[in-house]
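As a plain string of letters, each chain reads:
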Amino acid sequence: MAQQREIKGKMGTVKNVKKITKTMEAVSASKMKKAMNAALRTREYATLGLELLKNLSKEAYMTHPLLQEGAGDKTLVVMYASNKGLCGSFNIIMARSVWKYLETAGGDSKAHFIAVGKYAEKFARKTQMPLIATFTDLDGSPDIEQVLPLARLVVDEFNTGAYNKVVVVYTNFISALRNAPVARDVLPVQEKIVQNMLENTAEGFEAEEVSVKMAQYVFEPDEEEVLQFTLEKLVEVMLYQALLESAASEHASRRNAMKNATDNAGEVYKKLELQYNRARQASITQEIAEISAGAEAIK
């Protein structure tokens, strides 16, 4: 009986865990769908924005600090990770992708970091990376206003001349079952860099290329002010798009992790149920044997 009670208690615990993971799976699936729709809705806009950047970078007469490589010898790396756990290998993949990028870029001595998400901050502090700012108030369904302080900081830091470029490391959403870590240059805006962004960001879209020469436009109030505004806004769009892709990937990873946990809990429950039935059958058999032995003794 004691063994049966113990197994019964374990079955109750596993059943409760299964209910929790099943609920978390449903919540993550709902959030993933919202984040995925937001990422898909903005992809075409981001793609057209990148096309505009591509054309701006082509114009020989266009000169602006955001179009020129910085004078510094360091790289500013913006890391995107999650604020919460229970999302499988999502944050581990992010950390590995950062290390992989640093290996190709000459090591962490040549980089400073901006962490977006609590796990990005933990990673930077644990590895003693130079951390200049942390953003942990960006939730799983961010809007463009939440990205503005980050974009402002990135542009201001690049304009100081301390960095030769700005790179964003995030997880690109491909499908509910697949995502891929990406390290992309954000600043300076150059044709080759923008073309690389377009080839990845525009997947699944037939966006019309913006091929009008900038020289055909009349800039008001003046060219420099319009160019400054346009470049800053498009940097915001790139950072926002990366955040949406990362959020969708995070929710997809959490949904898959909770689904696996629910399935594992179901398997454990079945094994415990089998053990309980065997223990109960053994107990019944023992009771029958004792009754039979007692009956024989009376005779």
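I will try to describe carefully the structure that is included in this document. Quick caveat: nothing in here was measured; it's all calculated off a predicted structure. (Residues numbered from 1 in each chain as written. Predicted model: local features only at pLDDT ≥ 70, side-chain atom pairs only at ≥ 80, totals over all residues. Heavy atoms only, no water.)

1. A few points about unusual backbone geometry
Then, number 1: The omega angle of the peptide bond from Leu187 to Pro188 is 0°, so this bond is cis rather than trans.
Then, number 2: Looking at where Pro188 falls in the secondary structure, it is placed in the loop between β5 (178–187) and α5 (191–201).
Then, number 3: Of note in this structure, Leu86 is not a glycine but carries a positive phi near 60°.
Then, number 4: Here Leu86 lies in the loop between β1 (74–80) and α2 (90–105).
Then, number 5: With a phi close to 60°, Gln128 is a non-glycine residue in the positive phi region.
Then, number 6: Following the sequence through the fold, Gln128 ends up in the loop between α3 (118–126) and β3 (131–135). (Helix = DSSP H or I, 4+ residues; strand = E, 2+ residues; numbered from the N terminus.)

2. Overview of the pattern of salt bridges
Then, number 1: Summed over the entire model, instances satisfying the criterion amount to eight salt bridges.
Then, number 2: In this structure, Arg125 engages Glu121 in a salt bridge whose closest nitrogen and oxygen atoms are separated by 3.1 Å. Here Glu121 and Arg125 lie together in helix α3, a separation of four residues that amounts to about one turn.
Then, number 3: Relative accessible area serves as the criterion here: at 54%, Arg125 is assigned to the exposed category.
Then, number 4: Glu232 is the partner of Arg152 in a salt bridge, and the nearest nitrogen-oxygen pair spans 3.4 Å. Of this pair, Arg152 sits in helix α4 (residues 144–159) while Glu232 is found in helix α6 (residues 223–298), placing the two residues 80 residues apart along the sequence.
Then, number 5: A relative accessible area of 37% means that Arg152 is categorised as partly exposed.
Then, number 6: Salt bridges here are not isolated pairs; linked through shared partners, they connect Arg152, Asp156 and Glu232. (Salt bridge = Lys/Arg side-chain N within 4 Å of Asp/Glu carboxyl O. Buried < 20%, exposed > 50% of the residue type's maximum accessible area, 1.4 Å probe, protein only.)

3. Things to note about the pairing of β3
Then, number 1: With four bridges joining them, strand β2 (residues 111–116) and β3 adopt parallel strand pairing. When the sheet's bridge partners are listed, Ile114 is paired in β3 with Ala133. (Pairing = 2+ DSSP bridges.)

4. What to know about the packing of aromatic side chains
Then, number 1: Across all of its chains, the model carries two aromatic pairs by this definition.
Then, number 2: Their ring planes at 65° and their centres at 6.5 Å tell us that Tyr80 and Tyr170 sit as a pair that is edge-to-face. Placement of Tyr80 in strand β1 and of Tyr170 in strand β4 (residues 163–175) is noted, with a sequence separation of 90 residues between them. For the pair Tyr80 and Tyr170, one class covers both residues: buried.
Then, number 3: Judged by centre distance (6.0 Å) and plane angle (85°), the rings of Trp99 and Phe123 are edge-to-face. On the criterion of sequence distance, the pair formed by Trp99 in helix α2 and Phe123 in helix α3 is long-range, its members being 24 residues apart. (Phe/Tyr/Trp six-rings, centres within 6.5 Å; stacked < 30°, edge-to-face > 60°.)

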